[in-house]
Amino acid sequence: MAKEIWDALAMKRALTRITYEIIERNKGTKDLVLVGIKTRGIYLAQRIHDRIQKLEGVDVPIGQIDITLYRDDRHDASLKQDPVVNSAEVGVDINNKHVVLVDDVIYTGRTIRAAMDALMDVGRPSSIAVAVLVDRGHRELPIRADFVGKNIPTSSREQVAVNVHEIDGRDAVELKELPK
């Protein structure tokens, strides 16, 4: 059974707040690059890009990184595997840029670590920050998000599902209980 935590309007507000925080921390948009982590992070990065364009009148470069996660979020530790980087192509120049990695949920930190490794393989950014819609805790690595839409404390028997209109036909954040 899924419990809706956020509806479309709440998601929109959170992404707008994250956008303002990114602009403020970067002191504008100079040398800023957004990189969405496949799959839902790409759509969230595009939304942040569009808000920056509307607010600042600047077309910030936007790229994407393909990291396939082989069920790192499973509750059975024997089934965990590390994320696999399928492609280190970002599509934009990240050298000497302030890169903001965008993803839907941060959990163990393994996806972000893999994305940072992939970024370092294609260039040398000035800085890397992390923006996520949801931080659900349970870190296994010393990685944190710099910009967070919402902290949702969860148990290991729960899963956070971010629905985006582009894939799921609606925007929402849901908390689901995993089967026993």
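As named in an unreviewed UniProt entry, the protein is Bifunctional protein PyrR, taken from Lactobacillus acetotolerans. According to UniProt, the comment filed for the protein under the heading Subunit (unreviewed entry) is "Homodimer and homohexamer; in equilibrium." Per its UniProt entry, the protein bears the Catalytic activity (unreviewed entry) comment "UMP + diphosphate = 5-phospho-alpha-D-ribose 1-diphosphate + uracil".

A.B. asks: Describe the UniProt feature "short sequence motif: PRPP-binding" (unreviewed entry) in the protein, naming the residues involved and giving the relevant values.
C.D. replies: Per the UniProt annotation, the sites labelled "short sequence motif: PRPP-binding" (unreviewed entry) are residues 99-111. Secondary structure content for residues 99-111 is 15% helix and 62% strand, and the end C-alpha separation is 16 Å.

A.B. asks: I'd like to hear about the packing of helix α1 (residues 8-26) against helix α2 (residues 40-56), residue by residue, with values.
C.D. replies: Closest axis-to-axis distance for the α1/α2 pair is 9 Å, and the angle between their directions is 65°. Both α1 and α2 take part in a crossing whose hand is right-handed. Together, Met-11, Lys-12, Leu-15, Thr-16, Ile-18, Thr-19, Tyr-20, Ile-22 and Ile-23 of α1 and Leu-44, Arg-47, Ile-48, Arg-51, Ile-52, Leu-55 and Glu-56 of α2 make up the contact between the two elements. Its residues assigned to classes, the contact of α1 with α2 shows 10 nonpolar, two polar and four charged.

A.B. asks: Give me empty space enclosed by the protein: which residues, what numbers.
C.D. replies: Picture a little ball the size of a water molecule; that probe, rolled over the atoms, points out where space is still empty. Under the definition given, this model contains one cavity of 30 Å³ or more. The wall of the largest cavity is formed by Leu-15, Ile-18, Leu-44, Ile-48, Val-102, Asp-103, Ala-131, Val-132 and Leu-133. If you list the elements that add at least two residues to the lining of the largest cavity, you get α1, α2, β5 (98-106) and β6 (127-135). Top element by residues in the lining of the largest cavity is β6. It accounts for three residues. Residues of the lining of the largest cavity, tallied by class, amount to eight nonpolar, no polar and one charged.

A.B. asks: Explain the packing of aromatic side chains to me, using residue names and the numbers behind them.
C.D. replies: This structure, assessed with the given rule, holds zero aromatic pairs. Positioned over the ring face of Tyr-107 is Arg-136, at 3.8 Å from the centre of the ring.

A.B. asks: Please set out unusual backbone geometry residue by residue, giving values where relevant.
C.D. replies: Cis rather than trans, the peptide bond between Lys-38 and Thr-39 has omega equal to 15°. Within the secondary structure, Thr-39 sits in the loop between β2 (32-37) and α2. Despite not being glycine, Lys-27 has its phi angle at roughly 55°, a positive value. Looking at the element boundaries, Lys-27 is found in the loop between α1 and β2. Within the chain, Asp-31 stands out as a residue other than glycine whose phi angle is a positive 60°. Relative to the elements of secondary structure, Asp-31 occurs in the loop between α1 and β2. Given the relative accessible area of 30%, Asp-31 is considered partly exposed.

A.B. asks: Could you give an account of α1, with specific residues and numbers?
C.D. replies: For an α-helix the count is 3.6 residues per turn, leaving residues at separations of three or four pointing the same way. Spanning 19 residues, α1 covers 27 Å between terminal C-alpha atoms, matching the ideal 27 Å at 1.5 Å per step. Among all positions of α1, only Ala-10, Met-11, Ala-14, Leu-15, Ile-18, Thr-19, Ile-22, Ile-23 and Asn-26 are buried. Looking one or two places after α1, you find Lys-27, whose phi comes out positive at around 55°.

A.B. asks: Describe the sheet that holds strand β1 (residues 2-6), listing the residues and the values that go with them.
C.D. replies: The sheet built from three strands is open, its strands ordered β1-β9-β8 with antiparallel pairing. Here the strands that pair on one side only, and so sit at the sheet edges, are β1 and β8 (158-163). Looking at each pair of strands side by side, their axes are set apart by 30° on average, direction ignored. Sitting on the sheet, α1 is in contact with β1, β8 and β9 (172-177), with an inclination near 45° to β1.

A.B. asks: So what's going on with α2? Residues and values would help.
C.D. replies: The first and last C-alpha atoms of α2 sit 24 Å apart over 17 residues, in line with the 24 Å expected at 1.5 Å per residue. Looking at α2, one finds that the buried residues are Gly-41, Ile-42, Leu-44, Ala-45, Arg-47, Ile-48, His-49, Arg-51 and Ile-52. Gly-57 occupies a position one or two residues after α2 and carries a positive phi of about 70°.

Rules and cut-offs
- Residues numbered from 1 in each chain as written.
- Predicted model: local features only at pLDDT ≥ 70, side-chain atom pairs only at ≥ 80, totals over all residues.
- Heavy atoms only, no water.
- UniProt positions renumbered as here; feature names shortened; annotations may be inferred.
- Helix = DSSP H or I, 4+ residues; strand = E, 2+ residues; numbered from the N terminus.
- Axes fitted to C-alpha atoms, helices over the stretch in contact; angles between N-to-C directions.
- Left-handed = near helix turned anticlockwise from the far one by under 90°.
- Contact = heavy atoms within 4.5 Å.
- Nonpolar A, V, L, I, M, F, W, Y, C, P; charged D, E, K, R; others polar.
- 1 Å grid on protein atoms, 1.4 Å probe; cavity = no way out; pocket = protein on both sides within 12 Å on 5 of 7 lines; lining within 4 Å.
- Points joined across faces, edges and corners; volume = space filled by probe spheres on them.
- Phe/Tyr/Trp six-rings, centres within 6.5 Å; stacked < 30°, edge-to-face > 60°.
- Lys NZ or Arg CZ within 6 Å of the ring centre and 35° of its normal.
- Buried < 20%, exposed > 50% of the residue type's maximum accessible area, 1.4 Å probe, protein only.
- Expected span 1.5 Å × (residues − 1).
- Pairing = 2+ DSSP bridges.

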